[in-house]
Amino acid sequence: MAQGIDVQGGPDVGAEPSALKGLVSKLFGGPGAPREPKGDPYADDRALLKQFRTFSEECFDQRWVFERGWWRNLLYILGRQWIYYDQDRGNWRDKRMAKWVPRPVTNKITETVDAIASVFQSVQLAVNCRPDGGDPKDVTTAETANKLAPAIHYEHEWDRNFRTGDFWLIATGNVFYHVWWDKRGGRGPVTIPFEKCGACGEVSDPAAVQSAGNMCPACGQPSMTQAMDAEGQPIQQTYTAGRGATDVCSPFEIAFPMACSSFADIPGLIRKRWRTKSWAKTNLPEEVFRTIQWEEMSTDRSLQLLRGLSLQNEVSNSPVTTQGVGSEAGLEGYTEYEQWMKPSKDYPEGLLLRVAGEGDSARILALPDQSVPGPLPFQTQQGAPLFPWTHVPYTEFGGRIWARSPLDSLIQKQDQINQIDSLTQLIIQRVANPVWLEPKGTEVKKFTGEPGLVVKYNPLALGGSTAKPERLEGSNVPSSLFQIREQLLDDIENLAGTYDIIKGSKPTGVEAFSALQLLVERSQSRYSMVLAARGEAYRALFSMAIELERDYGPQERTWAVLGPNQGWAFANFKNANLQGAIRVVVEDGSQTPKTSLGKRAAIQQLTELQVINPQNPDTAYEILKTFGQTDLWPGLDYDVKSALQEQDDWERWASTVEQTEGMGPVTDPVTGQPQVDASGLPVQAMQPQLTIPPVGGRKPWHNDMVHLAEHKKWANGDNCRQLLQQKPWLEPYLGWVIQQHEYMMQIQQMQQAALGAGPDAIGGAPGAGGAGRAMKNSNQESGNPADVPRGTKETPTGQGPA
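Basis of the calculations
- Residues numbered from 1 in each chain as written.
- Predicted model: local features only at pLDDT ≥ 70, side-chain atom pairs only at ≥ 80, totals over all residues.
- Heavy atoms only, no water.
- Helix = DSSP H or I, 4+ residues; strand = E, 2+ residues; numbered from the N terminus.
- Buried < 20%, exposed > 50% of the residue type's maximum accessible area, 1.4 Å probe, protein only.
- Contact = heavy atoms within 4.5 Å.
- Areas by Shrake-Rupley, 256 points an atom, 1.4 Å probe, with all protein chains shown as cover.
- Expected span 1.5 Å × (residues − 1).
- Polar contact = N/O pair within 3.5 Å; in protein donor to acceptor, adjacent residues only side chain to side chain.
- Pairing = 2+ DSSP bridges.
- Axes fitted to C-alpha atoms, helices over the stretch in contact; angles between N-to-C directions.
- Core = buried A, V, L, I, M, F, W, Y, C linked by side-chain atoms within 4.5 Å.

**Points about the overall build of the protein chain**
Helix and strand content of the protein chain: 22 helices and 25 strands. Expressed as a percentage of its 802 residues, the buried residues of the protein chain come to 42%. The long-range fraction of contacts in the protein chain, counting pairs at least 24 apart against all pairs at least 6 apart in sequence, stands at 71%. Just so you have it, the protein chain exposes about 42100 Å², and 52% of that area is on carbon and sulfur atoms.

This is how it looks when you write it as structure tokens:
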């Protein structure tokens with residue numbers, strides 16, 4: 001997202017102005033039709049502009065106090081660290097120093113930002129939707145929302161947006177997210193056919209017919225057919241389905257009354273943008289475009305700073321505060337203020353307002369196709385106006401909304417490190433190099449410093465004095481400077497919580513897993529509050545995205561899912577299954593950072609405690625996946641994939657196979673072929689028959705140990721449980737898939753035992769013992785017909801009672 005510069009968002013937050021209000025609002029993202037101006041509080045431009053000016057004064061009062069700190073942090077991240085704040089000019093300026101004074105920068109601020117961002121990226125946020133009651137509709141909605149979560153996450157681009165948001169969160173301590181519905185983006189055009197009543201001739205859209213119970217909305221008769229025009233062509237209209245979108249806003253773009261101590265208590269907020277003339281010509285109506293007064297730069301301080309970032313870099317010589325970014329290139333535009341107000345006495349349904357320009361040139365942007373100005377465009381399922389904004393603080397400070405950045409406490413330490421580095425370099429340049437002392441009159445011509453230099457001097461030049469040129473060694477840098485510098489570096493690590501373990505490296509001298517785990521917990525404890533805030537923001541974003549999906553999402557959504565067998569499956573979700581009441585909670589454990597070093601240390605410790613056995617193929621494969629090295633054991637990887645493919649084939653068979661009643665041949669569950677009797681004729685029985693032969697037979701090339709482990713996990717999973725609930729008669733066939741491998745493993749174990757017992761295991765020599773002798777005895781006993789027990793009153797030889 002382009003921060004503050006021609007942001008492509010916002011103009012599509014509105015309604016479709018047509019007679020198909022119900023259809024578009026339900027299917028394709030129109031929050032409502034334009035309201036009648038008469039008696040409408042949203043139609044009085046003078047009153048709207050007056051309340052906007054009053055509200056903006058309240059929002060921008062003393063705001064510069066916080067902007068100063070945000071801008072300083074951004075400059076330090078860029079390496080512009082030899083600066084000071086000029087009280088007279090109200091901005092940051094480069095320090096005026098002598099040219100010979102070094103100004104090195106050891107940028108620990110950027111390193112800290114990268115380390116904290118990596119912690120945030122190691123957290124895989126997830127939500128869990130729960131039914132808000134016992135109504136079956138609520139249960140269906142919760143299940144559908146949970147399955148739809150990856151699709152919503154992808155559509156709103158939350159991975160990319162959270163990466164951008166994390167930068168602003170770390171640099172300034174604050175970031176804002178805005179969820180909205182983009183009618184112009186998404187899945188392409190959709191054609192909606194109309195229906196005509198055969199009784200009264202009324203033409204209606206499908207949404208109105210559906211709302212009337214598949215009856216004519218006018219007369220209530222069930223005689224609806226496809227509507228045709230006079231030329232025999234179907235009456236229909238094409239719309240863009242739209243898509244959900246999320247904007248990331250820095251604190252430079254957002255303003256609200258700072259008298260509030262909590263973001264939940266604010267009455268509303270103002271979002272600021274710089275719109276270029278080319279953007280306005282493309283997106284605004286011609287009559288609105290002609291009324292705008294263009295300017296070369298914004299007079300708003302926040303937008304000036306934000307746009308000035310485009311000219312700042314690590315080697316930039318441009319002024320620290322840039323005012324006229326667009327004026328140098330001749331780019332005209334205007335400042336746009338977008339006001340979002342919660343419901344109040346004057347505006348019971350909230351307020352969405354856009355103002356172009358500043359001061360006396362400010363004017364209301366009237367956009368009827370977007371219901372601007374108008375009420376809040378989105379509503380909850382209960383019909384309450386939805387305020388689609390979320391604030392994420394880093395370190396909350398009591399009594400105010402603006403949070404503190406982790407960089408605020410590091411700036412002073414960073415300055416001290418830079419000063420020590422400057423002093424060290426100055427010592428090296430001025431007093432660390434060796435010098436020559438040349439007595440007067442020694443007549444030394446030149447000291448070149450070359451290797452093997454011969455210095456000739458006149459010892460009689462000073463009346464017989466033995467004075468001669470002398471070389472003085474330079475002064476070393478005091479060791480105390482290095483000690484102080486190391487202490488300052490440790491202070492930065494402690495203040496930011498970015499220890500070696502967080503950066504993915506093992507601290508020197510630490511080997512025990514318990515010590516590593518203690519360091520991990522110590523480091524992660526510093527981020528518990530901000531991680532909780534990120535998790536709560538994700539929950540709020542998902543809740544708002546679900547509300548938009550209910551109202552404006554497509555009737556049916558298809559999402560491709562990569563199955564465990566590395567094959568693609570397509571899941572269909574119906575919008576009608578999202579109309580129940582749910583509660584969205586952050587999934588347990590999803591807010592905890594998961595570092596690769598911590599996982600590896602845990603595996604090592606569990607192996608030493610013999611809790612896990614790396615020789616087990618199932619355990620070994622999971623360890624390889626943790627390390628991302630499954631290709632190091634290609635045979636095991638192929639065996640696992642083969643088992644997953646077998647399971648997928650069985651599920652496909654189980655979902656389509658049916659039973660038929662009637663006389664027919666009995667099917668052998670092992671071979672899938674008809675059973676035959678002693679005479680070779682098919683065995684006939686009155687039993688259910690399968691329409692499709694069973695699948696999942698064992699192959700000679702299967703690894704039985706791997707297949708058995710994978711199949712048992714699969715049999716205890718949700719897919720098999722649901723299949724068996726729908727078709728209980730499938731249980732023997734599922735057991736057959738598993739028992740094949742169990743049987744073969746038993747055979748293999750007996751063979752290994754026989755081979756280990758020696759040649760007596762097969763045939764056997766007299767007097768041999770061990771497993772081979774036991775197998776021989778078993779074979780002899782099983783082949784002796786006189787040794788079959790006849791009952792409790794008969795001898796083993798079957799000769800009658802004793």
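There's plenty left to go through after this.
**Considering helix α19 (residues 704–715)**
The end-to-end C-alpha distance of α19 is 16 Å, a good match for the 16 Å that 12 residues give at a rise of 1.5 Å each. Capping the start of α19 is the job of one residue whose side-chain oxygen sits 3.3 Å from the backbone nitrogen of Met705: Asn703.

**With respect to the sheet that holds strand β6 (residues 195–197)**
Read from one edge to the other, the open sheet built from 3 strands follows the order β7-β6-β8, with strand pairing classed as antiparallel. Strand pairing shows two members of the sheet lacking a second neighbour, β7 (203–204) and β8 (224–226), which therefore form its edges. Where β6 lies against β8, 3 bridges are found, and the strand directions are antiparallel. Within β8, the position partnered with Cys197 by the bridge is Met224.

**Notes on the sheet that holds strand β10 (residues 243–249)**
With antiparallel pairing, 3 strands are arranged side by side in an open sheet as β10-β4-β16. This sheet does not close on itself; its edge strands, each paired only once, are β10 and β16 (389–393). Across the sheet, the mean angle separating the axes of adjacent strands is 20° when strand polarity is ignored. Inspection of the sheet shows strand β4 (residues 174–182) paired to β16 by 5 bridges, in the antiparallel sense. Counted as the bridge partner of Tyr177 is Thr390 from β16.

**Here we look at the pairing of β4**
Counting buried positions along β4 yields 9 of 9 residues, so the element is predominantly enclosed. Side chains Asn174, Phe176, His178, Trp180 and Asp182 project from β4 onto one buried face, and the interleaved Val175, Tyr177, Val179 and Trp181 project onto a second face that is buried too.

**A few points about the pairing of β10**
Of all 7 residues in β10, 6 are buried, a share of seventy percent or more. Inspection of the sheet shows β4 paired to β10 by 7 bridges, in the antiparallel sense. Residue His178 lies in a different strand from β10, and its bridge partner there is Asp247.

**A short note on the nonpolar core**
Core analysis: the biggest nonpolar cluster contains 99 residues, and Leu269, Trp389 and Phe542 have the highest contact counts within it. Sorting elements by how many residues they give to this core places helix α15 (residues 528–552) first, with 12 residues. When neighbours within four sequence positions are excluded, Phe542 is seen to be in contact with Val127, Cys129, Ala145, Ala149, Ile152, Trp158 and Val584. Within the second largest apolar cluster, 16 residues are counted, among which are Phe55, Tyr347, Leu353 and Val355.

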